[in-house]
Amino acid sequence: MRAIIFDYGGTLDTGGTHWGKQLWHAYQRQQVPVSEELFREAYVHAERTLGKNPIIKPDFTFRKTLETKVEIELKYIEERIDGFNASLWLRPVVDDLYALTLSHTRRSRQVLTKLAQKMPMVLVSNFYGNVATVLREMQLDTLFTSVIESAVVGVRKPDPRIFSLGVEALGIKPSETVVIGDSYDKDIEPAKAAGCRTVWYIGEGWNDGLPDATHADAVITSLTELE
């Protein structure tokens, strides 16, 4: 392998855990009075709302992005549970999640710093147009030779073309590139379709069970396995 393409969300900032699960566990730790079923509805609602509307601005930090996402979720829940006060839970949930994200990202940064000394790396992410701001906030901005963000290039995973753009930015063959991501459907399968090698970072998924890992050339459970 001559280069690496990394996914961002769920790969570098959660230790491989799907962001929906990461959020749910924070709700549990903060004892938010909501069922997992209703939370999952709220999570999907928030993701669709942010995907369809330009709510997240390019200068939004990750913390601001997280606050915006959680606020949409909590207001959705508030409309469906009598007596639920969304404003009561926003700060505790966001503080919990942000501290955890900083911890996971710090460990990822240590691994990425070592890898960047060996070969070029590109980031390919489905994001809201503010990933450059987030990378600076998380002190990851100097580690990637290029960043391919869905909101900027107009192509979203699982479209294989977004990984082809990453390969083009590296200036090498797809077969010389390895893609590392936590989502089998959005990272591994489309990256393989684009001709890349793949490493599936398995953590806690959004749904129970695991898909057939046919398209993964390797499987890891920690980024430290890449060192």
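Here the structure is shown first, and the text comes after it.
Reading the values: the criteria
Every chain begins its residue count from 1, and numbering advances along the sequence as written. Totals for whole chains, interfaces and linings use all residues, but because this is a predicted model, local features are given only for residues with pLDDT of at least 70 and pairs of side-chain atoms are given and counted only at 80 or more. By convention in this description, side-chain values take in all heavy atoms of the structure and omit both hydrogens and water. Aromatic rings from Phe, Tyr and Trp, taking only the six-membered ring of Trp, are treated as a pair when their centres fall within 6.5 Å; an angle between ring planes under 30 degrees marks them as stacked, one over 60 as edge-to-face, and anything in between as tilted. To qualify as a helix, a DSSP run of H or I must reach at least 4 residues; to qualify as a strand, a run of E must reach at least 2; elements of each kind are numbered from the N terminus. Partly exposed residues are those whose accessible area sits between 20% and 50% of the maximum for their type, while under 20% is buried and over 50% is exposed, using a 1.4 Å probe and protein chains only. A 1.4 Å probe that fits but cannot get out identifies a cavity on a 1 Å grid over protein atoms alone, an open set with protein on both sides within 12 Å along at least five of seven lines counts as a pocket, and a residue lines either if it has an atom within 4 Å of a point. Grid points are joined across faces, edges and corners, and a volume is the space filled by probe spheres set on the points. Here the term charged refers only to Asp, Glu, Lys and Arg, the term nonpolar to Ala, Val, Leu, Ile, Met, Phe, Trp, Tyr, Cys and Pro, and the term polar to all other amino acids, Gly among them. Strands are treated as partners if at least two bridges between them are detected by DSSP. Viewed with both strands pointing away, a crossover whose connecting path from the first strand over the helix to the second turns clockwise is right-handed. Think of each axis as a best-fit line through the C-alpha atoms, taken over the contacting stretch in the case of a helix, with angles from 0 to 180 degrees between the N-to-C directions. Under this scheme an angle from 65 to 115 degrees is roughly perpendicular, one under 35 degrees roughly parallel, and one over 145 degrees roughly antiparallel; angles in between are oblique. By the definition used in this description, the sense in which the near helix is turned from the far one sets the handedness, with an anticlockwise turn below a right angle giving left-handed and a clockwise turn giving right-handed. We call two residues contacting when some pair of their heavy atoms lies within 4.5 Å. Residue types Ala, Val, Leu, Ile, Met, Phe, Trp, Tyr and Cys, when buried and joined through side-chain atoms within 4.5 Å, form a set referred to as a nonpolar core.

### Observations concerning the packing of aromatic side chains
On inspection of all chains with the given rule, the structure shows eight aromatic pairs. Seen from their ring centres, Trp19 and Phe62 are 5.7 Å apart, and the 45 degrees between their planes marks the pair as tilted. Linking Trp19 in helix H1 (residues 19-29) with Phe62 in helix H3 (residues 62-78), this pair joins segments that are 43 residues apart in sequence. Taken individually, Trp19 and Phe62 each receive the classification buried, so the pair is uniform in this respect.

### Description of the layout of surface pockets
Volume-wise, the largest pocket comes out at about 1400 Å³. Counting residues per element, the ones that place at least two in the lining of the largest pocket are helix H2 (36-52), H3, helix H6 (150-153), helix H8 (184-193) and strand E5 (197-201). Broken down by element, the lining of the largest pocket gets its largest block of residues, five residues, from H2. Residue composition of the lining of the largest pocket, by class: 19 nonpolar, 15 polar and twelve charged.

### Remarks on the pairing of E5
Among the five residues in E5, four count as buried, and that is most of the element. Inspection of the sheet shows strand E4 (residues 177-181) paired to E5 by four bridges, in the parallel sense. Each residue of the ladder has a partner; that of Val179, found in E5, is Thr198. As a crossover connection, the stretch from E4 through H8 into E5 is right-handed. When E5 meets strand E6 (residues 218-220), the two strands line up parallel, connected through three bridges. Residue Tyr201 lies in a different strand from E6, and its bridge partner there is Ile220.

### As for the packing of H1 against H3
Interhelical geometry of H1 versus H3 gives an angle of 70 degrees and a closest axis separation of 13 Å. The angle between the axes of H1 and H3 places the two elements in the roughly perpendicular class. Relative to H3, H1 is oriented so that their crossing is right-handed. The residues of H3 that touch H1, namely those facing Trp19, Leu23 and Tyr27, are Phe62, Leu66, Lys69, Val70, Glu73, Leu74 and Ile77. Split into classes, the residues belonging to the contact of H1 with H3 amount to eight nonpolar, no polar and two charged.

### Topic: the nonpolar core
Ranked by internal contacts, the top residues of the largest apolar core, which has 49 residues, are Phe6, Tyr8, Tyr27, Leu66, Val70 and Phe144. Ranked by the residues each element gives to this core, the list is headed by helix H4 (residues 86-116), at nine residues. Apart from the residues within four sequence positions on either side, Tyr8 is in contact with Asp13, Leu123, Val124, Ser125, Phe127, Val134, Leu135, Met138 and Leu140. Counting 15 residues, the second largest nonpolar core, distinct from the first, contains Val124, Ile148, Val167 and Ala191.

### Focus on unusual backbone geometry
Of the consecutive residues Lys157 and Pro158, the connecting peptide bond is found in the cis state with omega at 15 degrees. Turning to its location among the elements, Pro158 is positioned in the loop between H6 and helix H7 (161-170). One non-glycine residue, Gln31, lies in positive phi territory at about 60 degrees. One can find Gln31 in the loop between H1 and H2. For Gln31, a relative accessible area of 64% puts it in the exposed group.

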